[in-house]
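# Structural overview
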Amino acid sequence: MLDTPSYFDSKWTRDELVRALTMGILVLRLVWPKHQPNRSTDIAETIYLEPDDLAGPDGPIRDCKANQIVLFVESLRTRSIAARYLSIIGRLRADLLKFDGEIEGIGTHHAVSIRLPDDRRICAYPITGVPTAKNLNEIADNAISHGQQNGVPVLLYDHIGIHSGWSKHLEWLDDNIKTVRMMKITEAGWSLAAYED
């Protein structure tokens, strides 16, 4: 976010910030030179811009500073993806414990080996972001190449923030592609408790 005196004047920038934080996406706050930032954004990682970082009073940001920002954003993006992935795993573990299931291990391609109460085993693949048909194809190929015999693999995703049009498309994919099942992490507990191939 580019924290300027008018940043919070826009409904869209406020909504965008709240959505990112709600989804567990880490935010980089660039504070405009000589601007006193709003305390409500202290939860974001922060870089303060100095007047010398700009080519003119209104910008653009000089290449040297822009390169620093790009590297910082990449570091933040990597940490954000890891945090979202761990959040899905943590929620899955907590739900499995409620009905005597468990995570037995995590393997290649982030495959999570799950033991269900009846001792059946399945593999789940947590995905951060919006799942695609490409994800389904990769999971199906991975299950085949590793000789997965334990039921249909499951793609787990967090649906919070996914546009309704995408949600309908994901439902269509799940209804029509049977080599991989898709589950929202918020529904994984009861879906896995009643899991059938």
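So, how was this worked out
Residues numbered from 1 in each chain as written. Predicted model: local features only at pLDDT ≥ 70, side-chain atom pairs only at ≥ 80, totals over all residues. Heavy atoms only, no water. Helix = DSSP H or I, 4+ residues; strand = E, 2+ residues; numbered from the N terminus. Expected span 1.5 Å × (residues − 1). Contact = heavy atoms within 4.5 Å. Core = buried A, V, L, I, M, F, W, Y, C linked by side-chain atoms within 4.5 Å. Buried < 20%, exposed > 50% of the residue type's maximum accessible area, 1.4 Å probe, protein only. Domains from an automatic or database assignment. Pairing = 2+ DSSP bridges. Axes fitted to C-alpha atoms, helices over the stretch in contact; angles between N-to-C directions. Salt bridge = Lys/Arg side-chain N within 4 Å of Asp/Glu carboxyl O.

Each α-helix winds once per 3.6 residues, and so residues spaced three or four apart point in a common direction. With 13 residues, helix H3 (residues 133-145) should cover 18 Å at 1.5 Å per step; its first-to-last C-alpha distance of 18 Å lies within 8% of that length. Elements that come into contact with the buried residues of H3 comprise strand S6 (121-127), strand S7 (154-157), helix H4 (164-176) and strand S8 (181-184). Among the residues trailing H3, Gly147 stands out with phi positive, at a value near 60 degrees.

Take the nonpolar core next. The biggest cluster of nonpolar side chains holds 20 residues, and the ones touching the most others in it are Leu92, Val112, Ile114, Leu156, Leu192 and Tyr195. At the level of secondary structure, the elements contributing two or more residues to this core comprise helix H2 (63-98), strand S5 (112-115), S6, S7 and helix H5 (188-193). Per-element accounting of this core gives the leading share, five residues, to H2. Residues in contact with Leu156, not counting those within four places in the same chain, are Ile88, Leu92, Ala124, Tyr125, Pro126, Ile127, Met183, Ile185 and Ala188.

Where interface size is quoted, it is often the accessible area lost as the parts come together. Segmenting the chain into domains produces domain 1 (2-61) and domain 2 (101-193). Computed over C-alpha atoms, the centres of domain 1 and domain 2 are 36 Å apart.

A sheet is described by the order of its strands in space; here five strands give the open sequence S4-S5-S6-S7-S8, paired in mixed fashion. In this open sheet, the two edge strands, each paired with only one partner strand, are strand S4 (102-106) and S8. Adjacent strand axes in the sheet meet at a mean angle of 35 degrees, parallel and antiparallel pairs treated alike. Packed on one face of the sheet, H3 meets S6, S7 and S8 and runs near 145 degrees to S6.

Side chains bearing opposite charge may pair, as long as their charged atoms lie close to each other. Counted by the stated rule, this structure contains 11 salt bridges. A salt bridge links Glu45 to Arg79; the shortest N-O distance between them is 3.6 Å. Here Glu45 is found in strand S3 (residues 45-48), whereas its partner Arg79 is found in helix H2, with 34 residues between them in sequence. Looking at Glu45, the relative accessible area reads 31%, which means it is partly exposed. The salt bridge involving Arg91 is made with Asp158; its shortest N-O contact spans 3.6 Å. Taken together, the residues Arg91 in helix H2 and Asp158 in the loop between S7 and H4 connect sequence positions 67 residues apart. Several salt bridges share partner residues, and in doing so they unite Glu102, Arg115 and Asp119 into one network.

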